[in-house]
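Commentary on secondary and tertiary structure
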Amino acid sequence: MKLLIFLIKWGFPLLLVTDLSSQLLENSLILNTSRALRLILLILIIKENIINFNIIRKFEFYKYFIVFAFILFLYLFTDRNFFEGFWIYSKMLFWILGINVLFAYGYKNIFMLSDFINVVKKVVVVAFVFTVIFFVTGFIKTDYNVASYLVLFMYPILLLSTDGYKKNKFFVFISALAILITLKRGAMIAFAFGNLIYYLGSLKNDFSFKKLITGLLIFLALGFTGIYIFENQKDTIEDRFSEDQFDPENEQAGSGRVGMYTRLYESWYNSDNHFLGFGNQEDSHRHIGRRTHAHSDIFGFLYNHGLLGIILILIFYIKIIKFYFSFRKQDRKNSAIILSLFVILVLVNFYSGMFKTTDAIYFFALLPYLQLRRDAIKQSTYINQPT
């Protein structure tokens with residue numbers, strides 16, 4: 001337990017250092033160090049899931065994720081390369097079992113939301129520093145993603161810590177910069193909509209002129225910063241933000257995503273694999289000699305897992321919406337963060353991917369901690385009722 005807590009506190013930031021250092025230096029030894037650390041973490045996480053099973057059963061999303069993980073495990077036997085499929089599956093297992101542990105530790109009061117937010121702050125700083133290094137050295141032209149989606153995944157829990165943009169403004173600002181500098185369209189769109197939904201929802205639930213002005217000032221500062229960054233990367237912007245890239249009738253729009261999604265859907269629709277799909281990772285085997293994944297949880301799940309895969313995702317969406325209304329009854333003030341999380345989730349599921357990366361643990365960590373907060377408020381209200 002103590003070792004895992006230590007590795008969450010310091011190993012998570014170290015993982016990003018090793019990941020980005022291995023890209024920057026093109027060093028396989030550093031990359032393998034990163035993989036070894038993730039493997040150690042996964043083994044400890046599995047162990048803690050077994051030890052804390054009775055507590056984890058109280059987690060509202062526990063049963064859903066068990067079914068989700070079990071069905072996708074069965075699909076591993078349809079993969080052309082079982083061991084490669086299992087390696088990717090282990091990444092998903094990392095965050096599914098990881099958020100179970102966060103729930104159990106939060107329940108025991110040994111690793112609280114504030115502790116995890118401190119981890120997120122460390123990782124955000126590391127992400128920002130490396131993004132600047134990638135930009136200054138020109139390496140960003142080779143790998144412009146850097147850590148943009150990782151920062152996006154951490155952002156909802158960071159937003160919650162701001163209490164309506166009152167606190168942690170520095171971390172909000174460098175998070176925005178870490179995404180804006182990369183010009184990663186998908187991350188920028190989800191980041192913008194996530195902020196907008198949170199800001200409007202937060203205003204509606206707990207209105208104050210100070211919050212209104214503070215939010216507007218933050219958006220203005222980020223807007224002017226974005227304009228400055230765009231002006232200094234005109235060549236890249238003309239290519240990545242041209243009108244053609246946002247034309248849904250252009251197959252090359254979204255870096256070829258429109259054409260890819262269209263072909264994936266048509267192949268699925270014209271097949272006999274409507275309900276179960278073509279099999280694990282089959283979206284990456286459509287072209288001989290070239291492996292290209294769907295770059296979409298929605299279209300990837302539809303092609304690989306058929307309607308069953310889409311049903312799994314839709315059930316998850318419904319559970320989050322139900323959780324929002326349940327949470328809102330106890331904590332109306334902070335309920336907008338769930339809407340922000342939901343919007344980011346739907347967008348990233350559609351045009352990128354979230355389920356098959358270990359970084360998703362930052363995003364979904366919000367669910368166990370919000371449930372613990374809701375249950376604590378509910379229990380406090382019950383105890384304080386007059387007898």
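Everything quoted here is computed from the prediction, not taken from an experiment.

Within the chain, the secondary structure is distributed over 16 helices and 0 strands. Across the 387 residues that make up the chain, the buried fraction comes to 53%. If you take every contact in the chain between residues at least 6 apart in sequence, the share linking residues at least 24 apart comes to 75%. Surface exposure of the chain reaches about 18600 Å², of which carbon and sulfur atoms provide 65%.

Another point: empty space enclosed by the protein. Over the atoms, a rolling probe the size of a water molecule traces out where space has been left empty. All chains considered together, the criterion is met by 2 cavities of 30 Å³ or more. In this structure, the largest cavity is lined by Leu72, Leu76, Gly85, Ile88, Tyr89, Met92, Asn280, Gln281, His305 and Lys356. Sort the elements by how many residues they give to the lining of the largest cavity and helix 5 (residues 82–107) lands first, with 4 residues. In the lining of the largest cavity, the residues fall into 5 nonpolar, 4 polar and 1 charged.

The next thing to look at is helix 6 (residues 113–137). An α-helix turns once per 3.6 residues; consequently, residues spaced three or four apart project the same way. For helix 6, which comprises 25 residues, the first-to-last C-alpha distance of 36 Å matches the rise-based estimate of 36 Å (1.5 Å per residue) to within 8%. Following helix 6 by one or two positions, glycine 138 adopts a phi angle in the positive range, close to 85 degrees.

This next bit is on the packing of helix 13 (residues 297–330) against helix 14 (residues 336–351). Contact pair helix 13 / helix 14: the axes reach a minimum separation of 11 Å and the direction vectors enclose 175 degrees. By the angle between their axes, helix 13 is roughly antiparallel relative to helix 14. Across the interface between the two elements, Asp297, Ile298, Phe299, Ile313, Phe316, Tyr317, Ile320, Ile321, Phe323, Tyr324 and Phe327 from helix 13 touch Ile338, Leu339, Leu341, Phe342, Leu345, Val346, Asn349 and Phe350 from helix 14. Residue composition of the contact of helix 13 with helix 14, by class: 17 nonpolar, 1 polar and 1 charged.

Now for the environment of histidine 285. Checked against the element boundaries, histidine 285 lands in the loop between helix 12 (253–269) and helix 13. Residues histidine 285 and arginine 80, 205 residues apart in the sequence, show an inter-C-alpha distance of 9.1 Å. Histidine 285 has contacts with Arg80 and Arg291, leaving out every residue within four places of it along the chain.

Before going further, it helps to spend a moment on the nonpolar core. Membership of the largest hydrophobic core comes to 120 residues, with the highest contact counts inside it found for Phe12, Phe116, Phe316, Phe355 and Phe364. Ranked by residues supplied to this core, first place goes to helix 5 with 13 residues. Once you skip the residues sitting within four places of it in the chain, phenylalanine 116 turns out to touch Phe12, Leu102, Phe111, Ile157, Ile361, Tyr362, Ala365 and Tyr369.

We now examine the packing of aromatic side chains. Taken as a whole, this structure holds 49 aromatic pairs when the rule is applied. Centre to centre, the rings of phenylalanine 61 and phenylalanine 316 are 6.2 Å apart; their planes meet at 90 degrees, and the pair counts as edge-to-face. Of the two residues, phenylalanine 61 is situated in the loop between helix 3 (53–56) and helix 4 (62–75) and phenylalanine 316 in helix 13; the sequence distance between them amounts to 255 residues. What makes phenylalanine 316 buried here is its relative accessible area of 1%. A centroid spacing of 5.8 Å and a plane angle of 35 degrees characterise the contact between tyrosine 64 and phenylalanine 68, whose relative ring orientation is tilted. Of this pair, tyrosine 64 and phenylalanine 68 both sit in helix 4, separated by 4 residues, roughly a single helical turn. By relative accessible area, tyrosine 64 is classed as buried at 8%. The side chain of lysine 122 reaches across the aromatic face of tryptophan 10, ending 4.5 Å from its centre. It is lysine 319 that lies over the ring of phenylalanine 61; its NZ or CZ is 5.6 Å from the centre.

Moving on, we come to helix 4. Along its 14 residues, helix 4 runs 20 Å from first to last C-alpha, staying within 8% of the 20 Å computed at 1.5 Å per residue. Where helix 4 is concerned, the buried positions are Tyr62, Tyr64, Phe65, Phe68, Ala69, Ile71, Leu72 and Tyr75.

To continue, consider the environment of tyrosine 62. Mapped onto the elements of the fold, tyrosine 62 is located in helix 4. The sequence separation of tyrosine 62 and isoleucine 99 amounts to 37 residues, and the corresponding C-alpha distance is 9.3 Å. Beyond its immediate stretch of four places on either side in the chain, tyrosine 62 contacts Phe53, Ile56 and Arg57.

To continue, consider a nonpolar patch on the surface. On the surface, Phe275, Leu276, Leu307, Ile311 and Ile315 cluster together into a nonpolar patch covering about 420 Å² of accessible area. Among the secondary structure elements, leucine 307 is positioned in helix 13.

By the element assignment, asparagine 349 lies in helix 14. Only 2.7 Å separates the side chain of asparagine 349 from the side chain of aspartate 297, close enough to count as a polar contact. Ignoring anything within four residues of it in the chain, the contact list for asparagine 349 reads Ser296, Asp297, Ile298, Ile313, Tyr317, Met354 and Phe355.

So, about the environment of leucine 160. Inspection of the secondary structure puts leucine 160 in helix 7 (residues 148–162). Along the backbone, leucine 160 and leucine 366 are 206 residues apart, and their C-alpha atoms lie at a distance of 8.9 Å. Ignoring sequence-local partners within four residues, the contact set of leucine 160 consists of Leu113, Asn334, Ile337, Leu366, Leu370 and Arg373.

Parameters and conventions
- Residues numbered from 1 in each chain as written.
- Predicted model: local features only at pLDDT ≥ 70, side-chain atom pairs only at ≥ 80, totals over all residues.
- Heavy atoms only, no water.
- Helix = DSSP H or I, 4+ residues; strand = E, 2+ residues; numbered from the N terminus.
- Buried < 20%, exposed > 50% of the residue type's maximum accessible area, 1.4 Å probe, protein only.
- Contact = heavy atoms within 4.5 Å.
- Areas by Shrake-Rupley, 256 points an atom, 1.4 Å probe, with all protein chains shown as cover.
- 1 Å grid on protein atoms, 1.4 Å probe; cavity = no way out; pocket = protein on both sides within 12 Å on 5 of 7 lines; lining within 4 Å.
- Points joined across faces, edges and corners; volume = space filled by probe spheres on them.
- Nonpolar A, V, L, I, M, F, W, Y, C, P; charged D, E, K, R; others polar.
- Expected span 1.5 Å × (residues − 1).
- Axes fitted to C-alpha atoms, helices over the stretch in contact; angles between N-to-C directions.
- Parallel < 35°, antiparallel > 145°, perpendicular 65-115°, else oblique.
- Core = buried A, V, L, I, M, F, W, Y, C linked by side-chain atoms within 4.5 Å.
- Phe/Tyr/Trp six-rings, centres within 6.5 Å; stacked < 30°, edge-to-face > 60°.
- Lys NZ or Arg CZ within 6 Å of the ring centre and 35° of its normal.
- Patch = residues over 30% accessible without salt bridge, like charges linked within 9 Å, V, L, I, M, F, W, Y side chains within 5 Å.
- Salt bridge = Lys/Arg side-chain N within 4 Å of Asp/Glu carboxyl O.
- Polar contact = N/O pair within 3.5 Å; in protein donor to acceptor, adjacent residues only side chain to side chain.

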